[in-house]
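# A structural walkthrough
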Amino acid sequence: MNIVLTGKNGQLARELQKRKPSNIELVALDRNDLDITNALQVMEVITEYKPEVVINASAYTAVDKAESERGQAFAVNAIGPENLAKACKAFGKGLIHISTDFVFDGQSPTPYQPKDTVRPLGVYGESKAAGEVAVQSLLPEAVILRTAWVYSAHGVNFVNTMLRLMRERKKLGVVADQVGTPTSTHTLAGAIYALVHKRGASGIYHCTDAGAASWYDFAVAISEEARQVGLLPLEKIVQIKPIGTADYLTPAARPAYSVLDKARLVKDLGIELQHWRQALRLVLKEKKVIEKIACR
Ligand SMILES: NC(=O)c1ccc[n+]([C@@H]2O[C@H](COP(=O)([O-])OP(=O)(O)OC[C@H]3O[C@@H](n4cnc5c(N)ncnc54)[C@H](OP(=O)(O)O)[C@@H]3O)[C@@H](O)[C@H]2O)c1
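Notes on the structure in this doc start here.

The rules behind these values
Here the residue numbers are simple positions, counted from 1 along each chain's written sequence. Selection of residues for local features in this predicted model requires a pLDDT of at least 70, selection of side-chain atom pairs for listing and counting requires 80 or more, and totals for whole chains, interfaces and linings are taken over all residues. By convention in this description, side-chain values take in all heavy atoms of the structure and omit both hydrogens and water. We call a residue near a molecule or strand when any one of its heavy atoms sits within 4 Å of it. A 3.5 Å cut-off defines polar contacts: any pair of N or O atoms within that distance qualifies, except that in protein one atom must be a possible hydrogen donor and the other a possible acceptor, and neighbouring residues in sequence count only when both atoms are side-chain atoms. Residue-level accessible areas treat just the shown protein chains as cover; the underlying method is Shrake-Rupley with a 1.4 Å probe. For helices the rule is a DSSP run of H or I covering at least 4 residues; for strands it is a run of E covering at least 2, with both sets numbered from the N terminus onward. Only Asp, Glu, Lys and Arg are considered charged, only Ala, Val, Leu, Ile, Met, Phe, Trp, Tyr, Cys and Pro nonpolar, and every remaining residue, Gly among them, polar. Here the aromatic set is Phe, Tyr and Trp, taking the six-membered ring for Trp, and pairing holds for ring centres within 6.5 Å; pairs whose planes are under 30 degrees apart are stacked, those over 60 apart are edge-to-face, and all others are tilted. Using a 1.4 Å probe on the protein chains alone, a residue whose accessible area is under 20% of its type maximum counts as buried, one over 50% counts as exposed, and one in between counts as partly exposed. Any two residues whose heavy atoms approach within 4.5 Å are treated as being in contact. Here a cavity denotes grid points, spaced 1 Å and computed from the protein atoms alone, that fit a 1.4 Å probe unable to get out, and a pocket denotes an open set having protein on both sides within 12 Å along at least 5 of 7 lines; residues with an atom within 4 Å of a point are the lining. Grid points are joined across faces, edges and corners, and a volume is the space filled by probe spheres set on the points.

This part takes up the site of the ligand. The ligand sits among 24 residues. The nearest are Arg-31, Asp-35, Thr-61, Tyr-124 and Lys-128. Measuring from an oxygen atom of the ligand, one finds a side-chain N or O atom of Gln-11 at 3.0 Å. One of the side-chain nitrogen or oxygen atoms of Lys-128 is found 2.7 Å away from an oxygen atom of the ligand. Protein contacts shield 81% of the accessible area of the ligand, which totals 910 Å² for the unbound molecule. Of all the secondary structure elements, the ones that give two or more residues to the shell around the ligand are helix 1 (11-18), strand 4 (94-100) and helix 4 (123-138). The class makeup of the residues in the shell around the ligand is eleven nonpolar, ten polar and three charged.

What follows is the structure in structure tokens.
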């Protein structure tokens, strides 16, 4: 099977390249090879490679910056997926588009289901919701995979930021009243390839690791697990203080609760999702190996 992957250098795209099954031919393209906001280039690329499936892992992901860069966020997160859906429709190709828990307002008392009404709180969420609408209306057979709190050993993400701060500081304040589910790119890439292989999958799926945590819980786990795998010295005890959203104001509002219901994904793919803490341990072990190699 022949797949075109957009956003080659992003954290999810890197994982998809690393975990590519042997029966898949993957053409990974960066923004220079394929700028998804350029409708003509999107058509040319699909014509050239004739992929059976396009995986859109590219996005404008700067949640706070999006508040002042609305045009750019919508160009990449709404017009880009629209261009891809149009090209996939014209050539009869499949599309797996990645979206986010930030399309929800965080007011639900229970995990969000794929069919739940979206009501984003910020520009990033609005632009991603617009991308979902464009893809669904142009290409109902496409898959939209919503995920949350994504991290990997590489890239700019909460785990890498926390590790850096924990090495530099003795005390940290971390938000304890926003709850979601950390998601390793290992899990996400595995689910995406399973969806690729499952013929006929379409519509909205949710995919995160299992369980739920606040950012504070996540930070405490990072500190404990990082000491276990040797990413932080055993004697390095960082004091992590739970703080409220009101104590850490950001340009974009974030949902207080964005746990996603994964039942449809689990049932249709026949998979089990590992607990987020177990996934974290594996990524930190991988990061330790990467740091060891870099030190040689
Ligand atoms: N990160 C999270 O916590 C999170 C949470 C929920 C959902 N998601 C979704 O998961 C998906 C993957 O996220 P990620 O964390 O892997 O993102 P990421 O690391 O920020 O990577 C996004 C990639 O998209 C590329 N890109 C930006 N504009 C582009 C354009 N016009 N054309 C082509 N490529 C472009 C970027 O290229 P440059 O390197 O050139 O900038 C970057 O490599 C996204 O759909 C995101 O919305 C992420």
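According to the stated counting rule, one finds eight aromatic pairs in the structure shown. Here Trp-149 and Trp-215 contribute two aromatic rings whose centre-to-centre distance is 3.5 Å and whose plane-to-plane angle is 10 degrees, an arrangement assigned as stacked. Note that Trp-149 is positioned in the loop between strand 5 (143-147) and strand 6 (150-151) and Trp-215 in helix 7 (residues 215-229), a separation of 66 residues in sequence. A single burial state applies to Trp-149 and to Trp-215, both of which are buried.

Let's shift gears to helix 5 (residues 158-168). Owing to its 3.6 residues per turn, the α-helix brings residues three or four apart onto one side. What helix 5 keeps buried is the set Phe-158, Val-159, Asn-160, Met-162, Leu-163, Leu-165 and Met-166. Elements in contact with the buried residues of helix 5: strand 6, strand 7 (171-175), helix 7, strand 12 (239-243) and helix 9 (276-295). The distance from a side-chain oxygen at the start of helix 5 to the backbone nitrogen of Val-159 is 3.1 Å, and the residue carrying that oxygen is Asn-157.

The next point concerns empty space enclosed by the protein. Here the structure, examined in full by the defined rule, presents one cavity of 30 Å³ or more. Roughly 40 Å³ of internal volume is contained in the largest cavity. The wall of the largest cavity is formed by Val-63, Phe-102, Leu-121, Gly-122, Gly-125, Ala-253, Arg-254 and Pro-255. In terms of residue class, the lining of the largest cavity is made up of five nonpolar, two polar and one charged.

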